[in-house]
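So the chains spell out like this:
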Amino acid sequence: MQLWFSEDQTRHIRISVRIKAVLHRETTPYQEVMILDTVELGRMLVLDDIIQVTEHDEFCYHEMMSHVPAFTHPRPRRALVVGGGDGGCVRELLKHPTIEQVDLCEIDEAVVRACRQYLPEVAAGLDDPRCRILIQDGIAYVKDCRDHYDVVVVDSTDPIGPAVGLFDEAFYRAAARALTADGVFVAQTESPFFFQDILLRARRNAEASFAHAALYWGVVPTYPGGFWTYTMGSKTVDPARPDPEALARRAAAVKTRYWSPEVHRQAFVLPPFVRDLVAR
Ligand code: SAM
């Protein structure tokens, strides 16, 4: 017998993954949390029937979400991850030698619990003494922060349920206030093929809230379209023009499989259809 999990990536496109077993399934006040064991992608975190993390390709996403903002900041000490209860971004941010603390603000403790148990390599950083886990709504938490974080990473679900407000301009402005003088912000902003409205809204929010706004991209095979975008806001440093020498020097301390100084610089080079979309 073959068991398959299918995600509706759009109303008319599906991705199907052959699975070996359902390792965990629970309904929380926020979502349905599942961990599936798959034939080709390793274990997989699924929230409300949407693939979030697979062991096979998670590094592509978590490295680009974390290292691009962390290397943009001249010397990041404190970072905040909003959402991201699987721990992948925390693990990556902790690789930076200057990082003293990473706060994870995840609304659903069940995600953290399930990932600790079934995705220990992704969740490894959650037990690091420099990591503090806050189980609460990231929107409310960020609203009360002032001038505290060097880097804010918004590793959220799609704009549905409790994540809706994370895509609002008010949240971007609050994140800017939560950042220190050279602060850098990044949010995952979906596919330029299928979710252009989300991407453009994030772009407008970043332009309204930060001195510099920039879009970069990377490949995440299991996300819709495989071509994923990230929207950045920065208070002082222009993210799209990183210093190649500084990048290469700092990269030596951080072990990665997807991110590299070359990938970092190339990620800001947009294919014309994306460049034109953003310029609209
Ligand atoms: N990389 C993933 C993706 O784009 O598919 C995101 C993964 S991460 C597991 C997303 C997390 O955001 C979920 O665990 C969800 O509970 C959390 N989340 C959603 N809205 C939130 C909010 N307002 N505050 C904090 N966490 C939130």
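Residues numbered from 1 in each chain as written. Predicted model: local features only at pLDDT ≥ 70, side-chain atom pairs only at ≥ 80, totals over all residues. Heavy atoms only, no water.

Novice: Could you give an account of the sheet that holds strand β8 (residues 131-135), with specific residues and numbers?
Specialist: In space, the seven strands of this open sheet follow the order β8-β7-β6-β9-β10-β12-β11, with mixed pairing throughout. At either margin of the open sheet sits one strand with a lone partner, and together these are β8 and β11 (212-219). Taking each pair of neighbouring strands and ignoring which way they run, the sheet shows an average axis angle of 20 degrees. Inspection of the sheet shows β11 paired to strand β12 (residues 227-234) by eight bridges, in the antiparallel sense. Of the residues in β12, the one forming a bridge with leucine 215 is threonine 231. Sitting on the sheet, helix α5 (residues 169-178) is in contact with β6 (78-83), β9 (149-155) and β10 (179-188), with an inclination near 145 degrees to β10. Those strands touched by helix α6 (residues 196-209) are β11 and β12, and its axis lies near 145 degrees from that of β11. (Pairing = 2+ DSSP bridges. Helix = DSSP H or I, 4+ residues; strand = E, 2+ residues; numbered from the N terminus. Axes fitted to C-alpha atoms, helices over the stretch in contact; angles between N-to-C directions. Contact = heavy atoms within 4.5 Å.)

Novice: Give me the lowdown on helix α9 (residues 272-279), citing residues and values where you can.
Specialist: Within α9, burial applies to Val274, Leu277 and Val278. Axial view of α9: buried residues confined to an arc of 95 degrees, hence all on one face. Along α9, exposed side chains directed more than 90 degrees from the buried face belong to Pro272 and Ala279. Summarising the contacts, the buried residues of α9 are in contact with α6, β11 and β12. (Buried < 20%, exposed > 50% of the residue type's maximum accessible area, 1.4 Å probe, protein only. Arc of directions from axis to C-beta.)

Novice: Could you give me a rundown of the nonpolar core, with the residues and numbers involved?
Specialist: Core analysis: the biggest nonpolar cluster contains 48 residues, and Leu45, Val81, Val90, Val102, Val153, Tyr216 and Tyr230 have the highest contact counts within it. Both domain 1 (3-54) and domain 2 (58-279) contribute no fewer than three residues apiece to this core. Discounting chain neighbours no more than four positions away, the residues touching valine 102 are Ala79, Val81, Val90, Leu93, Leu94, Arg130, Cys131 and Arg132. The next biggest cluster of nonpolar side chains, apart from the first, holds 27 residues, and it includes Leu80, Val152, Phe185 and Ala187. (Core = buried A, V, L, I, M, F, W, Y, C linked by side-chain atoms within 4.5 Å. Domains from an automatic or database assignment.)

Novice: How would you summarise the domain arrangement of the chain if you had to cite specific residues and measurements?
Specialist: When cut into domains, the chain gives domain 1 (3-54) and domain 2 (58-279). Distance between the C-alpha centres of domain 1 and domain 2: 23 Å. Overall, the association of domain 1 and domain 2 removes approximately 2000 Å² of surface from exposure, summing both partners, and the carbon and sulfur fraction of that is 65%. Among the residues of domain 1 in contact with domain 2, Gln9, Tyr30 and Val53 are the three that bury the most area, contributing 26% of the side total. Applying the counting criterion to the domain 1 and domain 2 interface returns one salt bridge. (Buried area = accessible area lost by both parts, 1.4 Å probe. Salt bridge = Lys/Arg side-chain N within 4 Å of Asp/Glu carboxyl O.)

Novice: Go over the pattern of salt bridges, please, and point to the residues and values.
Specialist: Taken as a whole, this structure holds 16 salt bridges when the rule is applied. Close ionic contact of glutamate 109 with arginine 113 constitutes a salt bridge, the shortest N to O distance being 2.9 Å. Here the residue glutamate 109 and the residue arginine 113 both occupy positions in helix α3 (residues 109-118), the gap between them amounting to four residues, near one helical turn. Given a relative accessible area of 36%, arginine 113 falls into the partly exposed group. In this structure, the salt-bridge partner of arginine 241 is aspartate 238, at a minimum N-O distance of 3.1 Å.

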